[in-house]
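Each chain, written out:
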Amino acid sequence: MTEYLITFNDEWVPDHTAEELREKATAARAVIEEMQADGVLIFTNGGLDRSTAVCSVEPVDGKPVFTDGPYVETKEHLGGFAVVDVPDDAAARYWAGRLATVLDWPQEVHRFRGPGQARRNGSGEK
């Protein structure tokens, strides 16, 4: 199995009413529940945008310097993501396609180069 990151940038999401966003969230939750049932979901989170940024940090003379704002200049901000563990690119594309279809905005798929490191397993145990 290989781990993939399925993500979207906040700038790719068109304007929606609150009701439309609730409908999208319900549809996306159904896909996430399918991922859980298939045992491929590692972790997911959404609802990220410029307003959720806490700080930026950069190295200065070998030490971290934190800034509450302005943040690192970028054209795009992460909007949400899912990390899945699936057999191949085709399976990752399938899940990204499901999310893109129910949300009606683009998704991007990245294959991790190797296994990551986790603080704890899925049961919450260390």
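Residues numbered from 1 in each chain as written. Predicted model: local features only at pLDDT ≥ 70, side-chain atom pairs only at ≥ 80, totals over all residues. Heavy atoms only, no water.

Can you help me understand the sheet that holds strand E6 (residues 108-111) in this one?
Within a sheet, neighbouring strands are paired by backbone hydrogen bonds and run either parallel or antiparallel to one another. Read across the sheet, 4 strands follow the order E2-E5-E1-E6 without closing on themselves; strand pairing throughout is antiparallel. Looking at strand neighbours, the two that pair on one side only are strand E2 (41-46) and E6, the edges of this open sheet. Recorded for the sheet is a direction-independent mean angle of 20 degrees between the axes of neighbouring strands. Strand direction decides the pairing type here: strand E1 (residues 2-9) and strand E5 (residues 78-86), joined by 8 bridges, are antiparallel. (Pairing = 2+ DSSP bridges. Helix = DSSP H or I, 4+ residues; strand = E, 2+ residues; numbered from the N terminus. Axes fitted to C-alpha atoms, helices over the stretch in contact; angles between N-to-C directions.)

Can you help me understand the packing of aromatic side chains in this one?
Any aromatic ring pair is given by two values, namely how distant the centres are and how the planes are angled relative to each other. All chains considered together, the criterion is met by 3 aromatic pairs. Pairing Phe 8 with Trp 105 gives two aromatic rings, centres 5.4 Å apart and planes at 55 degrees, and the pair type is tilted. Of the two residues, Phe 8 sits in strand E1 while Trp 105 sits in the loop between helix H2 (89-103) and E6, which places them 97 residues apart along the sequence. For Phe 8, a relative accessible area of 12% gives the class buried. (Phe/Tyr/Trp six-rings, centres within 6.5 Å; stacked < 30°, edge-to-face > 60°. Buried < 20%, exposed > 50% of the residue type's maximum accessible area, 1.4 Å probe, protein only.)

Quick question: what am I supposed to make of the nonpolar core here?
One recurring pattern in soluble globular proteins is that nonpolar side chains are buried together. Counting 19 residues, the largest nonpolar core has Ile 6, Met 35, Val 84, Val 86, Trp 95 and Leu 99 as its most contacted members. Only E1, helix H1 (18-38), E5 and H2 provide two or more residues apiece to this core. Tallying contributions element by element places H2 first for this core, with 6 residues. The contact partners of Ile 6, leaving out residues within four places of it in the chain, are Met 35, Gly 80, Phe 81, Ala 82, Val 84, Ala 92, Trp 95, Ala 96, Leu 99, Gln 107, Glu 108 and Val 109. (Core = buried A, V, L, I, M, F, W, Y, C linked by side-chain atoms within 4.5 Å. Contact = heavy atoms within 4.5 Å.)

Whenever I open this one, unusual backbone geometry confuses me. Can you help?
Negative phi characterises most residues that are not glycine, and trans characterises most peptide bonds. Even without being a glycine, Asp 61 presents a positive backbone phi close to 55 degrees. With respect to the secondary-structure elements, Asp 61 resides in the loop between strand E3 (56-60) and strand E4 (63-67). Exposure remark for Asp 61: the relative accessible area of 77% places this residue in the exposed category. Of note in the backbone geometry, Asp 104 takes a positive phi value of approximately 65 degrees without being a glycine. Within the secondary structure layout, Asp 104 lies in the loop between H2 and E6.

Would you mind going over the pattern of salt bridges with me for this structure?
Opposite charge on two side chains allows them to pair when their charged atoms are near. What the rule picks out here adds up to 3 salt bridges. Its salt-bridge partner being Arg 98, residue Glu 34 comes within 2.6 Å of it at the nearest N-O pair. You can see Glu 34 sitting in helix H1 and its partner Arg 98 sitting in helix H2, a full 64 residues away along the chain. Its relative accessible area of 30% is what places Glu 34 among the partly exposed residues. With a closest N to O distance of 2.7 Å, Arg 111 and Asp 89 form a salt bridge. In this pair, Arg 111 sits in strand E6 while Asp 89 sits in helix H2, placing the two residues 22 residues apart along the sequence. Among the residues examined, Asp 89 registers a relative accessible area of 33% and is labelled partly exposed. (Salt bridge = Lys/Arg side-chain N within 4 Å of Asp/Glu carboxyl O.)

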